[in-house]
Amino acid sequence: MLNFFSSKKSNQNYTNEGNIDLKNIPKHIAIIMDGNGRWAKERRLPRTMGHKAGVEAIREIVKECSNIGVKYLTLYAFSTENWVRPKDEVSALMSLLMEYLKKEFRELDSNNVVINHIGDISKLPQVCQQELINAYENTKHNTGLVLNLALNYGGRDELVRAFKLMHEDIIKGKINENDINDNTLSNYLDTKGMPDPDIIIRPSGEQRLSNFLLWQCAYSEFWYSNIKWPDFKKENLHKAIYDYQNRDRRFGGVKQS
Ligand code: IPE
Ligand code: IPE
Ligand code: MG
């Protein structure tokens, strides 16, 4: 199989076309993969063709993130609200995502990628759940990029699930409610143990979160673009990272001069 990553664990052969600072790569990049439907509409194609092109666009971005040393890449693939779409569109989307996993599994694994998921996958079709669990179980010991596929993910749903789990632990006496702080809650989220996203990228022109990583994005930088997700390439990722690297993140403090 063709190995499209530059090397398993380092980025020393990497050519930096976008002039980004390879020493200041965001640890966690999160992307709302939006615009598949409009991409298809512009081409007079059915929406599912947009989703097919959208799933294909994932490959290049995962590869690039791995090559430049991003540690976490979270891709919003299906929200808790997307179930209201026509049944055919939902099942086509699920099939395309599972095909992606099957097709790319060996390559991702051999390039040290952990294939993780976030969201309530118990509501997904059984075969999808199994595919996601297997992908995680077989890659969890890898040490490279952690690819989080957000499926049936909603920030509010994640918080509700977290509160329920935390409540159970209070009743069992595992935690004391007086000790609850920001970190306690973070530890009940699907992103437990991961750093918050440094940058949230949304292509397609929309400038909203659509229920993505509500707790985790407290200090994330936002980056929007009119490009539809199926057209989103390595160069666009570089532009987002370049802009991110030129922002001033103050976290409530004052700029050091
Ligand atoms: C993103 O593309 C994929 C999902 C939300 C599942 P859309 O299907 O939302 O594309 P637009 O927004 O209609 O163009
Ligand atoms: C957000 O896109 C969800 C995903 C990309 C998976 P949507 O297309 O569902 O968001 P809205 O409806 O435009 O807010
Ligand atoms: Mg959309």
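Source: prediction; values computed, not measured.

Once that is clear, we can look at the confidence of the model for the protein chain. Mean pLDDT over the protein chain: 94, with 93% of residues reaching 70 or higher. Counted against residues more than four places away or in other chains, residues 6-13, with its pLDDT under 50, gives 13 contacts.

Attention now moves to the site of ligand 1. Near ligand 1 you find Met33, Asp34, Gly35, Asn36, Gly37, Arg38, Arg47, His51, Ala77, Asn82, Arg85 and Leu93, and these make up its full shell. The separation between an oxygen atom of ligand 1 and a polar side-chain atom of Arg38 is 2.7 Å. Here an oxygen atom of ligand 1 sits 2.7 Å away from a polar atom, N or O, in the side chain of Arg85. Calculation on ligand 1 without its partners gives an accessible area of 380 Å², and the protein chains cover 87% of this total. For the shell around ligand 1, the secondary structure elements donating two or more residues are α1 (36-42) and α2 (47-68). Sort the elements by how many residues they give to the shell around ligand 1 and α1 lands first, with three residues. Across the shell around ligand 1, the residue classes break down as three nonpolar, five polar and four charged.

Looking at ligand 2, the residues that line it are Ile32, Met33, Asp34, Tyr76, Ala77, Phe78, Ser79, Asn82, Arg85, Arg202, Arg208 and Ser210. Note that an oxygen atom of ligand 2 is positioned 2.9 Å from one of the side-chain N or O atoms of Asn82. Side-chain polar atom of Arg208 to an oxygen atom of ligand 2: 2.8 Å apart, as the coordinates give it. For ligand 2, the accessible surface in isolation is 390 Å², of which the surrounding protein chains cover 79%. Counting residues per element, the shell around ligand 2 draws most heavily on strand β2 (residues 72-79), which supplies four residues. A per-class count over the shell around ligand 2 returns five nonpolar, three polar and four charged.

This part is about the pairing of strand β3 (residues 114-118). In terms of residue burial, β3 counts as a mostly covered element, since five of its five residues are buried. A two-sided burial pattern is seen for β3, the buried positions comprising Val114, Asn116 and Ile118 on one face and Ile115 and His117 on the other. Inspection of the sheet shows β3 paired to strand β4 (residues 146-153) by five bridges, in the parallel sense. By the bridge assignment for β4, Asn116 is matched with Asn148. The parallel pair β3 and β4, bridged by helix α4 (residues 126-139), forms a crossover whose chirality is left-handed.

Oppositely charged side chains are able to pair whenever their charged atoms sit close together. With the rule as written, the count across this model stands at 22 salt bridges. Here Arg38 makes a salt bridge to Glu206, at a shortest N to O gap of 3.0 Å. Linking Arg38 in helix α1 with Glu206 in the loop between β5 (199-202) and β6 (221-224), this pair joins segments that are 168 residues apart in sequence. Measuring nitrogen to oxygen at the nearest pair gives 2.8 Å for the salt bridge that ties Asp248 to Arg250. Residue classification places Asp248 among the partly exposed residues on the basis of a relative accessible area of 34%. Salt bridges linked by common partners bring Asp34, Arg38, Arg202, Glu206 and Arg208 together as one network.

A separate point is the UniProt feature "binding site: Mg(2+)" (unreviewed entry) in the protein chain. Under the local residue numbering, the UniProt record ascribes the feature "binding site: Mg(2+)" (unreviewed entry) to Asp34 and Glu221. Residues within four places of Asp34 in sequence aside, it is in contact with Arg202, Pro203, Ser204, Glu206, Lys228 and Trp229. A distance of 2.8 Å separates the side chain of Asp34 from the side chain of Arg202, its partner in a polar contact. If you trace the backbone, Glu221 turns up in strand β6. Since its relative accessible area comes to 16%, Glu221 is described here as buried. Excluding anything up to four places from it in sequence, Glu221 contacts Asp198, Ile199, Ile200, Tyr244, Arg247 and Arg249.

This part covers the sheet that holds strand β1 (residues 28-32). Judged by pairing direction, the sheet is parallel, and its six strands sit side by side in the order β3-β4-β2-β1-β5-β6 without closing on themselves. Two strands close off the open sheet at either side, each with one partner strand: β3 and β6. Recorded for the sheet is a direction-independent mean angle of 20° between the axes of neighbouring strands.

What counts and what doesn't
Residues numbered from 1 in each chain as written. Chains lettered and ligands numbered in written order. Predicted model: local features only at pLDDT ≥ 70, side-chain atom pairs only at ≥ 80, totals over all residues. Heavy atoms only, no water. pLDDT = per-residue confidence, 0-100. Contact = heavy atoms within 4.5 Å. Near = heavy atom within 4 Å. Polar contact = N/O pair within 3.5 Å; in protein donor to acceptor, adjacent residues only side chain to side chain. Areas by Shrake-Rupley, 256 points an atom, 1.4 Å probe, with all protein chains shown as cover. Helix = DSSP H or I, 4+ residues; strand = E, 2+ residues; numbered from the N terminus. Nonpolar A, V, L, I, M, F, W, Y, C, P; charged D, E, K, R; others polar. Buried < 20%, exposed > 50% of the residue type's maximum accessible area, 1.4 Å probe, protein only. Pairing = 2+ DSSP bridges. Right-handed = clockwise from strand over helix to strand, strands pointing away. Salt bridge = Lys/Arg side-chain N within 4 Å of Asp/Glu carboxyl O. UniProt positions renumbered as here; feature names shortened; annotations may be inferred. Axes fitted to C-alpha atoms, helices over the stretch in contact; angles between N-to-C directions.

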